[in-house]
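The chain contents come next:
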Amino acid sequence: RPVAAQREGYLASVAAEELGRAAVLLGAGRARKEDPVDPGVGLIVHVQIGERVERGAPLATLYARTQAQADEAEPLVRAAFQVGDAPAPAPPLVYRILR
């Protein structure tokens, strides 16, 4: 199920923790270490910070076993993406090299 942009603009930020919570709700992650992981579910993010997005364009796609799981995860995924009016600088790929 695609999760579409609610407005046009530029992707300003993505809350990775919210995406992780959504993945757990879908069954792709664990809330407790004894929880099973379903390799057939998850999400794909389609845009990067700084990219222009059009209203209705997919920001991510959810893969769920049930409609209820997708319904529960979608608001978290939608809230994880912040679209702004101006292009945001892309975060650095490497913050620091440890030697």
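This report concerns the structure included in the present document. Worth saying up front: this structure is predicted, and the values here are computed from it rather than measured.

Re the nonpolar core
- By size, the foremost hydrophobic cluster in this structure holds 17 residues, and its most contacted members are Val 47, Val 53, Leu 59, Leu 62, Val 77 and Phe 81.
- Elements that contribute at least two residues to this core include exactly helix H1 (16–26), strand S5 (58–63), helix H2 (67–80) and strand S6 (81–84).
- Excluding its chain neighbours within four sequence positions, the residues that come into contact with Leu 62 are Arg 1, Val 3, Leu 26, Gly 42, Leu 43, Ala 70, Ala 73, Glu 74 and Val 77.

With respect to the side chain of Asp 35
- You can see Asp 35 is positioned in the loop between H1 and strand S3 (42–45).
- The class for Asp 35 is buried, based on a relative accessible area of 17%.
- Among the polar contacts listed, one links the side chain of Asp 35 to the backbone nitrogen of Ala 31, at a separation of 3.2 Å.
- Only 3.0 Å separates the side chain of Asp 35 from the backbone nitrogen of Arg 32, close enough to count as a polar contact.

As for the pairing of strand S2 (residues 9–14)
- Bridge count between S2 and strand S4 (residues 52–53): 2 bridges; the pairing is antiparallel. What sits directly across from Tyr 10, in S4, is Arg 52.
- Direction of pairing for S2 relative to S6: antiparallel, over a ladder of 4 bridges. The partner of Val 14 across the bridge, within S6, is Phe 81.

Concerning the packing of aromatic side chains
- Taken as a whole, this structure holds 0 aromatic pairs when the rule is applied.
- The ring of Tyr 10 carries Arg 52 above its face, with NZ or CZ at 5.2 Å from the centroid.

Here we look at H2
- With 14 residues, H2 extends 20 Å from end C-alpha to end C-alpha; this agrees with the ideal 20 Å at 1.5 Å per step.
- Along H2, the sharpest kink reaches roughly 30 degrees, centred on Ala 73 and followed within four residues by the proline Pro 75.
- Of the surrounding elements, those touching the buried residues of H2 are strand S1 (2–4), S2, H1, S3, S5 and S6.

Thresholds applied
- Residues numbered from 1 in each chain as written.
- Predicted model: local features only at pLDDT ≥ 70, side-chain atom pairs only at ≥ 80, totals over all residues.
- Heavy atoms only, no water.
- Core = buried A, V, L, I, M, F, W, Y, C linked by side-chain atoms within 4.5 Å.
- Buried < 20%, exposed > 50% of the residue type's maximum accessible area, 1.4 Å probe, protein only.
- Helix = DSSP H or I, 4+ residues; strand = E, 2+ residues; numbered from the N terminus.
- Contact = heavy atoms within 4.5 Å.
- Polar contact = N/O pair within 3.5 Å; in protein donor to acceptor, adjacent residues only side chain to side chain.
- Pairing = 2+ DSSP bridges.
- Phe/Tyr/Trp six-rings, centres within 6.5 Å; stacked < 30°, edge-to-face > 60°.
- Lys NZ or Arg CZ within 6 Å of the ring centre and 35° of its normal.
- Expected span 1.5 Å × (residues − 1).
- Bend = angle between axes of the 7 residues up to and from the residue.

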